[in-house]
Amino acid sequence: MSQHPQVIITDFIADDLAPERQILGDVADVVALDAYCEDELIGRIESAAAILLYHNLGLSERTISRLTDCKLIVRCGVGVDNVDWRYARTRGINVANIPDYGTEEVADSAIGFALALSRGIALQNSLLRTPPAETSAGHAAAAPPWMYVNASPIHRLRGKQFGIIGLGRIGTATALRAKALGMQVAFYDPYVVDGIDKSLGVRRCETLAELVAHTHILSVHCPLTSETRNLLDGAAMAALPRGSFVINTARGAIVQTQAIPELIASGHLAGVGIDVLPHEPPPVDDVLVAAWRNPRHPAHQRVLINPHSAFYSEEGLMDMRSKGAENCRRALLGQRVRNIIN
């Protein structure tokens, strides 16, 4: 029997674990539990020396309290809302994240949503794909013109305001991409130090209300905290200029998604791109998902939903796995651990 300590991968990763074993093999045994809920960890995680946690489940006090020899919990991602890092600190357990693994991917996805929506790419594709309805006489109605399908109105992006909530790593990468498109970039982030706006050539807004008042495309890039939960509620989205777009590639609960169908139906929002939802997978009665799936609701053609995949690329996933394993190695060898958040 091996005398090595165990590094446990709780969820999401369940292959041959080659990247993790290459980094940790001489100091630890790596075990993947492939769990989908916290209860599946009972009796399997208690002796772990380090834990790699992804996003299919969370680690609450009831699990952390059973850990007997854990030196580090790595949240393999940016957000740490699915681990009770405050309680972990009371147990002397470091919690770290991986803040830089998918910066480019998420920023690219945000801009991709923005272009697909604001240029009418997704909408016109959907309108063209819909077969002509039958007339009352039972004959097929005339097909829509091929050269131009009315996705009205489409406006030039150059000079329009691209608004960002949260100017961290990903928000900054998104800002630079929006600037490259010729857009005027403004941001709201009360925690960013003075001068960032000058160095990036963007405009700081002192309040969320100031940001949304003139924003054509609004992109969310802040963490989920008690302060940001439902930060972008129905009233804030209604304060955007008519015909604006909302993009969320951060955390689902930052945006009050149940307000979106009505704002789409009224035409106040021209489109919404969602990579994250408050509950994943969404419940069967999720208001936004129901409207998005309903061919008779405008959200069916004006809302894009992806399955929390903005972070993904093969290169980004490998970064996440190797960076997480390397941090566990540091912890097991008594070296300085990186990116501790508690």
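Up top is the structure these notes are about.
Residues numbered from 1 in each chain as written. Predicted model: local features only at pLDDT ≥ 70, side-chain atom pairs only at ≥ 80, totals over all residues. Heavy atoms only, no water.

Asks: Report on a negative patch on the surface, specifying residues and quantitative values.
Replies: Taken together, the side chains of Glu104, Glu314, Glu315 and Asp319 make up a negatively charged region of the molecular surface. At three residues, helix H13 (residues 314–332) tops the list of elements feeding residues into the negative patch. Note on Glu315: relative accessible area 58%, which makes it exposed. (Patch = residues over 30% accessible without salt bridge, like charges linked within 9 Å, V, L, I, M, F, W, Y side chains within 5 Å. Areas by Shrake-Rupley, 256 points an atom, 1.4 Å probe, with all protein chains shown as cover. Salt bridge = Lys/Arg side-chain N within 4 Å of Asp/Glu carboxyl O. Lys, Arg positive; Asp, Glu negative; His and termini not counted. Charge placed at Lys NZ, Arg CZ, Asp CG, Glu CD. Helix = DSSP H or I, 4+ residues; strand = E, 2+ residues; numbered from the N terminus. Buried < 20%, exposed > 50% of the residue type's maximum accessible area, 1.4 Å probe, protein only.)

Asks: Pulling in residues and values, what's your account of empty space enclosed by the protein?
Replies: Summed over all chains, the structure comprises one cavity of 30 Å³ or more. Considered as a void within the structure, the largest cavity measures approximately 100 Å³ in volume. Lining the largest cavity are 14 residues, and of these Leu117, Leu123, Phe245, Ala270 and Arg302 sit closest to its centre. When residues of the lining of the largest cavity are traced back to their parent elements, those giving at least two are helix H4 (103–118), helix H5 (121–129) and helix H12 (299–302). Partitioned by chemical class, the residues of the lining of the largest cavity number nine nonpolar, four polar and one charged. (1 Å grid on protein atoms, 1.4 Å probe; cavity = no way out; pocket = protein on both sides within 12 Å on 5 of 7 lines; lining within 4 Å. Points joined across faces, edges and corners; volume = space filled by probe spheres on them. Nonpolar A, V, L, I, M, F, W, Y, C, P; charged D, E, K, R; others polar.)

Asks: So what about H13? Which residues, and what values?
Replies: The end-to-end C-alpha distance of H13 is 27 Å, a good match for the 27 Å that 19 residues give at a rise of 1.5 Å each. Buried residues in H13 make contact with strand E1 (6–9), helix H1 (18–24), strand E3 (50–53), strand E4 (72–75), strand E5 (94–97) and H4. (Expected span 1.5 Å × (residues − 1). Contact = heavy atoms within 4.5 Å.)

Asks: Describe the environment of Ala110, naming the residues involved and giving the relevant values.
Replies: The topology assignment puts Ala110 in helix H4. You can call Ala110 buried: its relative accessible area is 0%. Along the chain, Ala110 and Gly273 lie 163 residues apart, while their C-alpha atoms are 8.1 Å from each other.

Asks: Just give me the short version of the packing of aromatic side chains, but keep the residues and values in it.
Replies: Within this structure, the stated rule accounts for three aromatic pairs. When the centroid spacing of 6.4 Å and the interplanar angle of 65 degrees are considered together, the rings of Phe12 and Phe311 count as edge-to-face. Residue Phe12 is found in the loop between E1 and H1, and its partner Phe311 is found in the loop between strand E12 (303–305) and H13; the two are separated by 299 residues along the sequence. Overall, the relative accessible area of 9% leaves Phe311 in the buried class. (Phe/Tyr/Trp six-rings, centres within 6.5 Å; stacked < 30°, edge-to-face > 60°.)

Asks: How would you summarise the sheet that holds strand E11 (residues 269–274) if you had to cite specific residues and measurements?
Replies: Strands belonging to one sheet form pairs held by backbone hydrogen bonds; the direction of such a pair is parallel or antiparallel. Read across the open sheet, the seven strands follow the order E8-E7-E6-E9-E10-E11-E12; overall the sheet is parallel. Edge positions in the sheet fall to strand E8 (203–204) and E12, since each of these pairs with one other strand and no more. Of the pairings in the sheet, the one linking strand E9 (residues 217–220) to strand E10 (residues 244–248) comprises four bridges and is parallel in character. Across the sheet, residue Leu218 finds its bridge partner in E10, namely Val246. (Pairing = 2+ DSSP bridges.)

Asks: If you had to explain the pairing of E3 to someone new, which residues and values would you point to?
Replies: The side chains of a regular strand alternate, residue by residue, between the two faces of the sheet. Burial along E3 is two-sided: Ala50 and Leu52 and Ile51 and Leu53, pointing in opposite directions, are all buried. As defined by bridge partners, E1 adjoins E3 across three bridges and the pair is classed as parallel. The residue of E3 that forms the bridge with Ile9 is Leu52. Of the pairings in the sheet, the one linking E3 to E4 comprises four bridges and is parallel in character. Paired with Ile51 across the two strands is Ile73, which belongs to E4.

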